[in-house]
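Below, each chain spelled out in residue letters.
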Amino acid sequence: MKRTHWFRNTIITVAVCALAGIILAVILFNANPERTSASSSIQFSFNGAAEGLAPNGYRFDLSGFTSEEVLSAALADVGLSDRYTTDQIRGNLLITGAYPENIIEQMTGYESLLTGDAGKTSVKDYHATYYTVTLYNDFDRNISRANLEKLLENIMAEFRTYFERTYMFFLGADNLLESLSEYDYPQQLEVLESAVSRHEAFAGQMAEEHPEFLMNGEGFADIAVQYRILRTSDLERLSGIVTMNALSQDQNRITDQYENRIKILEIRLRELDQRAKDMDSLISGYNKDDIIYVSTAGTLQQVGGNSTETYDSLVQSYHAIEASISSLNKELIQVKQKLADIQGETTAQKEKIAETETTEASETDEITAEQVAVVSEEEREAHRKVVEANVSATKAKLDAITERFAAVLKAFFEKEMDDSTLAVSAVLYESPKLLSGEFAKKVIEVAGPVCALGFIACLVGIIISRKKGEKTEA
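Residues numbered from 1 in each chain as written. Predicted model: local features only at pLDDT ≥ 70, side-chain atom pairs only at ≥ 80, totals over all residues. Heavy atoms only, no water.

Asks: Can you tell me about helix H9 (residues 251-284), naming the residues and giving the values?
Replies: Two residues of an α-helix separated by three or four positions point the same way, owing to the 3.6 residues in each turn. Along its 34 residues, H9 runs 49 Å from first to last C-alpha, staying within 8% of the 50 Å computed at 1.5 Å per residue. Where H9 is concerned, the buried positions are Gln-251, Ile-254, Thr-255, Tyr-258, Ile-262, Leu-265, Leu-269, Leu-272, Ala-276, Met-279 and Ile-283. (Helix = DSSP H or I, 4+ residues; strand = E, 2+ residues; numbered from the N terminus. Expected span 1.5 Å × (residues − 1). Buried < 20%, exposed > 50% of the residue type's maximum accessible area, 1.4 Å probe, protein only.)

See below:
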């Protein structure tokens, strides 16, 4: 009977302790509940993500999650812009990355070459590719579950849109090309050549970095070739027509431009010539240090100065100046030739008139000069029409190639940042409640020690009771 009483009393005591622990756990759980939150995750798996590089080659970060643009758009999508501010949302948004447990040790570890582990390397620059985004309801404890989940879902969607827009290459509109007709013919060709060369270089870079990508059988290398043909064929032919015929929408304006450029080039050449003379004089009078040998412990040690390096630097600077002079002289000859093409007709007429001495001959020459001038202007007008038509056709070709280039770029970045390489998980809602893992954990933390103390007390009582019973029997 006594053993039955001990067992019954122990069960009752542990049950009472467990009930008391549960009541205490409920009180503590309600007094300091866990925060209600909605969480989602985003994973970057495109090429370069592990190095912190976006598909466009630039470093990316997650600052867009807390940007005004993303948060404002997310609030507007849910229809909560009038209830909450972006600062409230920003203060309750937590972004955490997934890092190895020993990342600090890896990043701060020291590998000694003397230990024989020279082949091991420490992590110096680690970039997480998986992030958890959590939105807490501290800004409004009464916000509904649906609104909290929807708000975070829209934040994730808006960030994805922001990320794609920020780290993708787009071919923006060229304002100079849009107003091409406002410029003179030489400037029109310069604008066209600049645009073609810029796009050709970009397409060539993309072809070098991503030669495997094709869209409908067309890749970046094909686009680069089309730009190069446009530059070396159409534009060079047009440039030759404009240069050889000295075409301009305003001959006086282009004449003044060439004359001004000639003055600038001549001033620059005089400055460089003087610099070249001064540099040549400095090099001619420069003395290098002699080699000195110092005797130390029975050996000879060579000691030299840095005068050789200085002399070589001066010579290189002199050659650079000579190269600049040669380049400017070439440009000066070209500009003078263009100016001569424009002024040559008028000069020839003046010389012809000056050679005549009689009035009859002078009148005849004046008529001839006028006829020549009229014919020349007609020819020039015909060339202008040809150039204008070809400029329009060249711009149309450029627009068509650029349109295809933009389509290939868009397809490339859409492939690099699709749902598999920029994956966003579903939203998970977490709220403190009695039927939850958090409450079970709290019950174990509180009721467990209480039950253990009750059980220990029962064991102590049993031991004391048995000792008393043994003394009584004795």
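What follows picks up the thread again.
Asks: Mind laying out the packing of aromatic side chains, listing which residues take part and the relevant values?
Replies: A ring pair, where both rings are aromatic, is described by two values, the distance of the centres and the angle of the planes. Summed over all chains, the structure comprises 20 aromatic pairs. On the numbers, 5.1 Å between centres and 45° between planes, the contact of Phe-44 with Phe-60 is tilted. One end of the pair, Phe-44, is in strand E1 (residues 37-44); the other, Phe-60, is in the loop between E1 and helix H2 (68-78), with 16 residues separating them in the sequence. When the ring of Phe-44 is compared with that of Tyr-131, the centres are 6.2 Å apart and the planes differ by 75°; the resulting orientation is edge-to-face. Of this pair, Phe-44 sits in strand E1 while Tyr-131 sits in strand E3 (residues 130-136), and the two are 87 residues apart along the sequence. Considered together, Phe-44 and Tyr-131 belong to a single accessibility category, that of buried residues. The structure contains a cluster of three or more aromatic residues connected by ring pairs, namely Phe-44, Phe-46, Phe-60, Phe-65, Tyr-131, Phe-159, Tyr-162, Phe-163 and Tyr-167. (Phe/Tyr/Trp six-rings, centres within 6.5 Å; stacked < 30°, edge-to-face > 60°.)

Asks: Go over the environment of Val-78, please, and point to the residues and values.
Replies: With respect to the element layout, Val-78 can be found in helix H2. Spatially, the C-alpha atoms of Val-78 and Leu-152 are 9.8 Å apart, while their sequence positions differ by 74 residues.

Asks: Give me the environment of Phe-412: which residues, what numbers.
Replies: As for its placement among the helices and strands, Phe-412 is situated in helix H11 (residues 359-416). Here Phe-412 falls in the buried class, since its relative accessible area comes to 1%. Residues Phe-412 and His-210, spaced 202 residues apart in sequence, show a C-alpha to C-alpha distance of 9.3 Å. Excluding residues that lie within four positions of it along the chain, Phe-412 makes contacts with Met-206, His-210, Phe-213 and Phe-220. (Contact = heavy atoms within 4.5 Å.)

Interpretation in functional terms is not warranted from these geometric data alone.
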